[in-house]
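Coordinate analysis (summary)
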2 protein chains.
Amino acid sequence: MSFGKQLASRLSASCAHVAVHKFPDGESLVRVLPVLDSHPIVVRSLHDPNSKVLEILFAADALRRAGAKRLTLVAPYLPYMRQDTVFRHGEPVSQHVFARLLASWFDRVLTIEAHLHRTHRLSDIMPGRSLSTVKEIAAWIRRHADDCFVVGPDSESGPRVRAIAKHAGVPYIVGQKKRLGDRRVRIALPALPQRGRAVLVDDIASSGATLAEATHALRKRGIGRIEAVVVHALFAADAIKRIERAGATRVLSCDTIAHPTNAISLAPVVAAALNRGRG
Amino acid sequence: MSFGKQLASRLSASCAHVAVHKFPDGESLVRVLPVLDSHPIVVRSLHDPNSKVLEILFAADALRRAGAKRLTLVAPYLPYMRQDTVFRHGEPVSQHVFARLLASWFDRVLTIEAHLHRTHRLSDIMPGRSLSTVKEIAAWIRRHADDCFVVGPDSESGPRVRAIAKHAGVPYIVGQKKRLGDRRVRIALPALPQRGRAVLVDDIASSGATLAEATHALRKRGIGRIEAVVVHALFAADAIKRIERAGATRVLSCDTIAHPTNAISLAPVVAAALNRGRG
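Owing to the predicted nature of the structure, the values given are computational and were not obtained by experimental measurement. For every chain, the first residue of the written sequence is number 1, and numbering continues from 1 onward in sequence order. Numbering of ligands from 1 and lettering of chains from A proceed in the order in which they are written. Local features are withheld for residues below a pLDDT of 70 in this predicted model, meaning they are given only at 70 or higher, and side-chain atom pairs are given and counted only at 80 or more; totals for whole chains, interfaces and linings count all residues. The side-chain values count all of the structure's non-hydrogen atoms but skip hydrogen atoms and water molecules.

Scanning chain A for helices and strands turns up 8 helices and 14 strands. This radius of gyration counts C-alpha atoms alone. The globule rule is 2.2 Å times how many residues there are, raised to the power 0.38. The C-alpha radius of gyration computed for chain A amounts to 20 Å, which stays within 12% of the reference 19 Å derived for 279 residues, consistent with globular compactness. With the C-alpha coordinates of chain A rotated into their principal frame, the extents come out at 60 × 45 × 35 Å. Here's how the labels work: a residue is buried when its accessible area is under 20% of the maximum for its type, exposed when over 50%, partly exposed in between, all with a 1.4 Å probe on protein chains only. When each of the 279 residues of chain A is scored for burial, the buried share is 56%. In chain A, the share of contacts with a sequence separation of at least 24, taken over all contacts with a separation of at least 6, comes to 64%. With an accessible surface of roughly 12,100 Å², chain A has 49% of that area assigned to carbon and sulfur atoms. Helix and strand labels come from DSSP, where a helix needs a run of H or I of at least four residues and a strand needs a run of E of at least two; each type is numbered from the N terminus. A contact between two residues is defined here by any heavy atoms of the two lying within 4.5 Å. Each accessible area is a Shrake-Rupley result for a 1.4 Å probe, and residues are judged covered by the shown protein chains and nothing else.

Shown next as structure tokens:
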């Protein structure tokens, strides 16, 4: 079931499909069904963002013209959060451009584990909130892997991994990552806990390079069972193979991006946040 | 030579390439060279718009951060001009969404033959101007086909075709079109002038259905030589074949969209408008 349908079911709300017609010249014509609620919620995960962004703005326009007074966007995956400063002269702050775009058409944006570094909170750049998956991933570990230790591949993942391990009641370690290119990294691990099973946790996996390298490093230290859990399954074509070839027992993901590895449902987390927002 | 390079040459301006890096997850990172002018002109034809729009907004952001005070967008082809009203309940006015988007990031937009119906002028929806190709197409006819008559496939094309014929000093006719679907139309022609050669003129060709049908109708009336001239060569994969199979001698286009059929250069028209704007 799609994220939107799951969410509607959790909220006891009706669920309407946004129809998108593609013209031969590459333009899209969006059409929404009659608006039954003055506050509709648009659900669209925004991986592969360039091709989707206009369509969600068109949907917002159509919904307002059809009677919506207030619009919330639920984007389980929110892109362009990494380019949050001018790293080299001549670059844009893509994060701000994207945030301004969404804020111009939506009243509020809800997302899950936005990949924020220098930006402290999502509300610093747009009206909205980024929800945590710490409890849901910890719950999965307690249920399926309570004999493991948790591994964060890099210092950036440290705070989340520490929180997940604490909630799951298991030990954890955090590696050190050096990025050598878009698809190449090197990872160094500290001393390992005395356990034979590791659960690698990361927020995004794209090329799979980070998880593959971390898996490889764990294998070299003799860990026999390694599960890799990611929030956002962006996964390029060969990413899963790359991680499995490095020795992972299984790759699983939250359902912010529909993918065969989806194993942890996050519609309940979003529904709870929306209910709080309405209450 | 690209439209941008031709334009820079006509304006005696320097020409800087906007670098676009594509990440494995589908995000783009744009980078502009040092801004030498406080009023740079971004040149980007916006056919296949969904995949391009974010990149031009990023370029605008990057240019402002690099010191641009004023930004002009030259979009030789400007998409989303046709959806200028809510045709069926639940639809957006895509034209307004697109216009608002460009107006938020650029001070001024210059385009060529924007496909406007109910909107009278481009400046009604965004700060900018749509330039005419009447003189350039008429000049081509005088030079290469002064024994022809001009044909507009539908009433919409009437005013332009009349103006082109007048400038070229040749007769013209205008057909009547009935649209049966995205890729199917029917065209009825009035009585033809006593000439054996026709030049079909239209602003946009996408599926090629309109030009193919008009060509077919001219062939049936015994016209031996038919050239089809379009401004915007959107041309779907099989469009040219379709028009040629219907009996066209040659298909040619203006260079608003880079295409093998490009035969009429419009950089001089844009350069003249920019020079007037600066003068």
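Another aspect to go through is the sheet that holds strand β8 (residues 172-174) of chain A. Residues and elements named next belong to chain A. Strand pairing requires that DSSP identify at least two bridges connecting the strands. Spatial strand order, β8-β7-β11-β12-β13-β14: 6 strands in an open sheet with parallel pairing. Where the open sheet ends on each side, the last strands, each with one partner, are β8 and β14 (262-264). Averaged over all pairs of adjacent strands, the angle between their axes in this sheet comes to 30°, without regard to strand direction. In this description, a line fitted to the C-alpha atoms serves as the axis of each element, helices being fitted only across the stretch in contact, and the angle between N-to-C directions of two axes falls anywhere from 0 to 180 degrees. Here helix α5 (residues 158-168) sits on the sheet in contact with β7 (149-152), β8, β11 (197-205) and β12 (225-233), set at roughly 175° to β8.

Bringing the interface of chain B and chain A into the picture now. Counting residues at the interface gives 50 residues for chain B, matched by 50 residues for chain A. A simple way to read buried area is as the amount of 1.4 Å-probe accessible surface that goes missing from two parts once joined, with both sides added. Carbon and sulfur atoms make up 58% of the area that chain B and chain A hide from each other, which totals about 4,500 Å². A pair is scored as a salt bridge if a Lys or Arg side-chain nitrogen falls within 4 Å of a carboxyl oxygen belonging to Asp or Glu. The tally of links from chain B across to chain A stands at 2 salt bridges. Between Arg 82 of chain A and Asp 25 of chain B there is a salt bridge; the shortest N-O distance is 2.5 Å. Whenever two N or O atoms come within 3.5 Å, that pair is a polar contact, provided that in protein one can donate a hydrogen and the other can accept it, and provided that, for residues adjacent in sequence, both atoms are side-chain atoms. Seen at the junction of chain B and chain A, the total is 16 residue pairs in polar contact (both at pLDDT 80 or more). Secondary-structure elements contributing two or more residues to the side of chain B that touches chain A are β1 (19-22), β2 (28-31), α2 (53-65) and α3 (94-105) of chain B.

Ring pairs are drawn from Phe, Tyr and Trp, using the six-membered ring of Trp, whenever the two centres fall within 6.5 Å, and their geometry is named by plane angle: stacked under 30 degrees, edge-to-face over 60, tilted for the rest. With the rule as written, the count across this model stands at 4 aromatic pairs over all chains. Here the aromatic rings of Tyr 80 of chain A and Phe 98 of chain A are separated by 5.5 Å at their centres, their planes lie at 45°, and the arrangement is tilted. Of this pair, Tyr 80 of chain A sits in the loop between β4 (72-75) and α3 (94-105) while Phe 98 of chain A is found in helix α3, placing the two residues 18 residues apart along the sequence. Both residues of the pair, Tyr 80 of chain A and Phe 98 of chain A, count as buried. Among the aromatic residues, those joined into a cluster by ring pairs are Phe 58 of chain A together with Tyr 80 and Phe 98 of chain B. A cation over a ring is seen here: Arg 100 of chain A above Trp 105 of chain B, with NZ or CZ 4.0 Å from the ring centre. To sit over a ring, a charge needs its Lys NZ or Arg CZ within 6 Å of the ring centre and within 35 degrees of the ring normal.

Before going further, it helps to examine unusual backbone geometry. Working note: non-glycine residues mostly have negative phi, and peptide bonds are mostly trans. Residues and elements named next belong to chain A. Although it is not a glycine, Ser 12 sits at a positive phi angle of roughly 50°. Turning to its location among the elements, Ser 12 is positioned in the loop between α1 (3-11) and β1 (19-22). Given the relative accessible area of 70%, Ser 12 is considered exposed. Of note, the phi angle at Glu 113 is positive, near 40°, even though the residue is not glycine. If you trace the backbone, Glu 113 turns up in the loop between β5 (108-112) and β6 (128-131). According to the relative accessible area criterion, Glu 113 is buried, its value standing at 10%.

Helical periodicity: at 3.6 residues per turn, an α-helix aligns residues three or four positions apart in one direction. Residues and elements named next belong to chain B. End to end, α2 covers 19 Å across 13 residues, agreeing with the expected 18 Å (1.5 Å per residue, within 8%). With 11 of 13 residues buried, α2 lies mostly within the body of the structure. All of the buried residues in α2 are Val 53, Leu 54, Glu 55, Ile 56, Leu 57, Phe 58, Ala 59, Ala 60, Asp 61, Ala 62 and Leu 63. At the exit of α2 stands Gly 67, carrying a positive phi of roughly 120°. By definition here, a helix of n residues has an expected span of 1.5 Å times n minus one.

Our focus in this paragraph is the relation of the copies chain B and chain A. The relation between the two copies of this chain is a rotation about an axis and a shift parallel to it. Here the copies are matched by least squares. The fit uses the C-alpha atoms of residues with pLDDT of at least 70 in both. After a rotation of 180° and a shift along the axis of 0.0 Å, chain B superposes on chain A with an RMSD of 0.0 Å. Look at the turn and shift together and you get a two-fold axis relating the two. When C-alpha distances to the rotation axis are compared across chain B, the minimum falls at Ser 51 of chain B, with a value of 2.4 Å. The residues that chain B uses at the interface reappear at the interface of chain A in 100% of cases, marking a shared surface.

A separate point is the sheet that holds β4 of chain A. All names here are of chain A. Ordered by their spatial adjacency, 4 strands build an open sheet running β3-β4-β5-β6, and the pairing between neighbours is parallel. Two strands lie at the open edges of the sheet, namely β3 (41-43) and β6, each paired on one side alone. Neighbour-to-neighbour, the strand axes of this sheet turn through a mean angle of 15°, independent of strand direction. Sheet analysis places β3 next to β4, joined by 3 bridges and oriented parallel. Paired with Val 43 across the two strands is Val 74, which belongs to β4.

Here the focus is the domain arrangement of chain A. Residue and element names in this part refer to chain A. The domain boundaries here were taken from an automatic or database domain assignment. Domain annotation for chain A reports domain 1 (3-131) and domain 2 (134-264). Using C-alpha coordinates to define each centre, domain 1 is positioned 28 Å away from domain 2. Taken together, the contact between domain 1 and domain 2 spans 11 residues of the former and 11 residues of the latter. Taken over both partners, the interface formed by domain 1 and domain 2 buries close to 1,000 Å², and the fraction arising from carbon and sulfur atoms is 59%. Interface area lost by domain 1 to domain 2 is led by Tyr 77, Glu 113 and His 115, which between them contribute 51%. Between domain 1 and domain 2 we count 1 salt bridge in total. Two residues, Arg 160 and Glu 113, come together in a salt bridge whose shortest N-O distance is 3.1 Å. Here domain 1 is connected to domain 2 by 7 residue pairs in polar contact (both at pLDDT 80 or more). Counted by class, the side of domain 1 that touches domain 2 contains 4 nonpolar, 5 polar and 2 charged residues. Under the scheme applied here, ten amino acids are nonpolar (Ala, Val, Leu, Ile, Met, Phe, Trp, Tyr, Cys and Pro), four are charged (Asp, Glu, Lys and Arg), and all others, including Gly, are polar.

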